[in-house]
Amino acid sequence: MEDIILAHHMLKNVITRTPLQHDAKLSEKYGCNVYIKREDLQIVRSFKLRGAYNLIRNLSELELQQGIVCASAGNHAQGVAFSCNALQIQGKIFMPSTTPRQKITQVKRFGGSYVEVILTGDTYDDAYDAAMKTCEEHGMKFVHPFDDPKIIAGNGTVGMEIFEKLDTPADYVFVTIGGGGLAAGVGTYVKAVSPSTKMIGVEPLGAASMQESLRLGEVVPLDNIDKFVDGAAVKRVGNLTFDICKDLIDDIVLVPEGKACTTILDLYNENAIVVEPAGSLPIAALDYYRDEIRGKTVVCVISGGNNDIDRMQEIKERSLIFEGLKHYFVLNFPQRAGALREFLDDVLGPNDDITRFEYTKKNDKNNGPALVGIELKYREDYDALIANMKKKGITYNEINNDPVLFNLLI
């Protein structure tokens, strides 16, 4: 608590004191009072500036003179870059070569002449290894994205701001978990001032590293993760964040990546709020707590809004598939005149639409497989679609249910 209060004073003239907004639509939908903490409106469009600046500002004069190093594919890099510029110290920021250009541009813009962006490898782990090698060779300080007391204390100021704005303590606080730095910081403050408040961590289903570690009672790395929710797709949570979260987090909700996509689109269409996948998780988790939160005061921390516009088509696609409105099939399809017309007339319902059609066989084309994407208006129309294909005698393989084929073809 003392560290969080000190961080609050350290950050007050640097960060944006982001609003805590009552959301009327979400409140009506769930029958409770829903407030959203808008860290997507932070200077760097995520909470990461809080921890990064607090850590860097607390370094010794010698450490500042030697410069700092970080590894990140997104929000942490922007927070470190902003801090370097604000404090006029040199920083090396290692990012994977696969990092989208938009994020690289943002890091360079925030850091200006004080940061050097170094692209290396294909993954965060590659960038991390290169960053640690540089630290060892040049005696530079590594700014960890989540597993450091100063990072956690800076993040804890989010919780402090939430409770300063509420007239009565929240019954539930939902917060995204990636490496655990935000949950550890917010949880520390929340449980200190309101022990009865339930802290609910939210992880992507494909990268549930904190839940797995809590289940086993120790920090364990995941072998494979789904990287779509990039701001929370972490193979291994921090040792310190784990030690804190195991005592403070009351429950963890796992949100499917497709559900996160639906929430992103809903927030944009209904609230004009642009969130990144990790930022959508606490809102998405409300569906899984619908009964428990009725009549309660609920806070959801939107951790960030750095969403690349180029991803929106993929987000829409994943949402449609999750909601049961988009289906891909490989069909044994005759390549003759009139075959497609028969398929449209005899198989598709009045509200169904073909969004993709591609013959995949290049030789002996009298009969062969075709990749067909079908979008439904109502998910209930799926059974009729399947029944019509069976009635027509069409041999099919639904590749939505085959991860290997789906990733290869879609």
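All chains use their own residue numbering, which begins from 1 and follows the written sequence. Given that this is a predicted model, residues contribute local features only at a pLDDT of at least 70 and side-chain atom pairs are listed and counted only at 80 or more, while totals for whole chains, interfaces and linings are drawn from all residues. The basis for every side-chain value is the complete set of heavy atoms in the structure, and neither hydrogens nor water enter the calculation.

A. Examining the overall build of the protein more closely. Helix and strand assignments follow DSSP, with helices taken as H or I runs no shorter than four residues and strands as E runs no shorter than two, numbered in order from the N terminus. Of regular secondary structure, the protein possesses 18 helices and 14 strands. C-alpha atoms define the radius of gyration, and 2.2 Å times the number of residues to the power 0.38 defines the globule rule. Relative to a compact globule of 410 residues, whose C-alpha radius of gyration would be 22 Å, the protein shows 24 Å and is just as compact. If one aligns the C-alpha atoms of the protein with their principal axes, the spans along those axes are about 75 × 55 × 40 Å. In the protein, buried positions account for 52% of the 410 residues. Within the protein, residue pairs in contact and separated by at least 24 positions form 73% of the contacts whose partners lie at least 6 positions apart. In short, Shrake-Rupley with a 1.4 Å probe defines the accessible areas, and a residue's cover is counted only from the protein chains shown. Accessible surface computed for the protein: about 18,500 Å², of which carbon and sulfur atoms make up 47%. In this count, Lys and Arg are taken as positive residues and Asp and Glu as negative ones, while His and the chain termini are left out. Taken as the charge centre is NZ of Lys, CZ of Arg, CG of Asp or CD of Glu, depending on the residue. Placing the 45 positive and 56 negative side-chain charges of the protein at their respective mean positions leaves the two points 3 Å apart. For the exposure calls, accessible area comes from a 1.4 Å probe over protein chains only, and a residue counts as buried if that area is under 20% of its type's maximum, exposed if over 50%, partly exposed in between. What makes two residues a contact is simply this: any of their non-hydrogen atoms within 4.5 Å.

B. How the structure looks around a negative patch on the surface. Taken together, D122, D125, D126 and D129 make up a surface patch of like negative charges. As for its position among the elements, D125 is in helix α7 (residues 124-138). Patch building starts from residues that exceed 30% relative accessible area and form no salt bridge, then joins like charges within 9 Å and nonpolar side chains (Val, Leu, Ile, Met, Phe, Trp, Tyr) within 5 Å. Salt bridges are defined as contacts in which a side-chain nitrogen from Lys or Arg sits within 4 Å of a carboxyl oxygen from Asp or Glu.

C. Broad picture of the environment of V255. Note on placement: V255 falls in strand β9 (residues 251-255). Residues V255 and V14 lie 241 residues apart in sequence; the distance between their C-alpha atoms is 33 Å. V255 has contacts with V202, E203, P204, L205, A260, L281, A284, A285 and Y288, leaving out every residue within four places of it along the chain.

D. Geometry of the nonpolar core. Counting residues in each nonpolar core, the largest one holds 33 residues, and the members touching the most others are I36, F174, V255, L286, I293 and V298. The residues touching V298, leaving out its near neighbours within four places in the chain, are C32, N33, V34, Y35, Y172, F174, L286 and I293. Think of a nonpolar core as a cluster: buried Ala, Val, Leu, Ile, Met, Phe, Trp, Tyr and Cys residues, connected wherever their side-chain atoms sit within 4.5 Å. Counting 31 residues, the second-largest nonpolar core is a separate cluster that includes A170, A184, Y189 and F242.

E. Structural view of the packing of aromatic side chains. Aromatic contacts are taken between Phe, Tyr and Trp rings whose centres are within 6.5 Å, Trp giving its six-membered ring; a plane angle under 30 degrees counts as stacked, one over 60 as edge-to-face, and the others as tilted. Counting across every chain of the model gives 12 aromatic pairs. Between F357 and Y359 the ring centres are 5.3 Å apart and the planes differ by 90 degrees, which places this aromatic pair in the edge-to-face class. Here, over-ring charges are defined by two tests on the NZ atom of lysine or the CZ atom of arginine: distance to the ring centre within 6 Å, and angle to the ring normal within 35 degrees. The cationic tip of R311 hangs over the ring face of F228; the distance from NZ or CZ to the ring centre is 4.7 Å. Against the face of F228 rests R318, its NZ or CZ located 4.1 Å from the ring centre.

F. How the structure looks around the layout of surface pockets. Computed over the protein atoms alone on a 1 Å grid, cavities are sets of points where a 1.4 Å probe fits but cannot get out and pockets are open sets with protein on both sides within 12 Å along at least five of seven lines; a residue lines them when it has an atom within 4 Å of a point. Grid points are joined across faces, edges and corners, and a volume is the space filled by probe spheres set on the points. In this structure, the largest pocket encloses a volume near 1,200 Å³. Around the largest pocket, the lining comprises 50 residues; the ones closest to its centre are A73, Y124, D230, A233 and V234. Looking at the lining of the largest pocket, the elements with two or more residues in it are α5 (75-87), α7 and α9 (181-193). The dominant element in the lining of the largest pocket, judged by the number of residues it contributes, is α7, at 4 residues. Gly is placed with the polar residues, together with every amino acid not listed as nonpolar (Ala, Val, Leu, Ile, Met, Phe, Trp, Tyr, Cys and Pro) or charged (Asp, Glu, Lys and Arg). Residues belonging to the lining of the largest pocket are distributed by class as follows: 18 nonpolar, 19 polar and 13 charged. A volume near 550 Å³ is recorded for the second largest pocket.

Remember, this is a structural readout, not a statement about activity or role.
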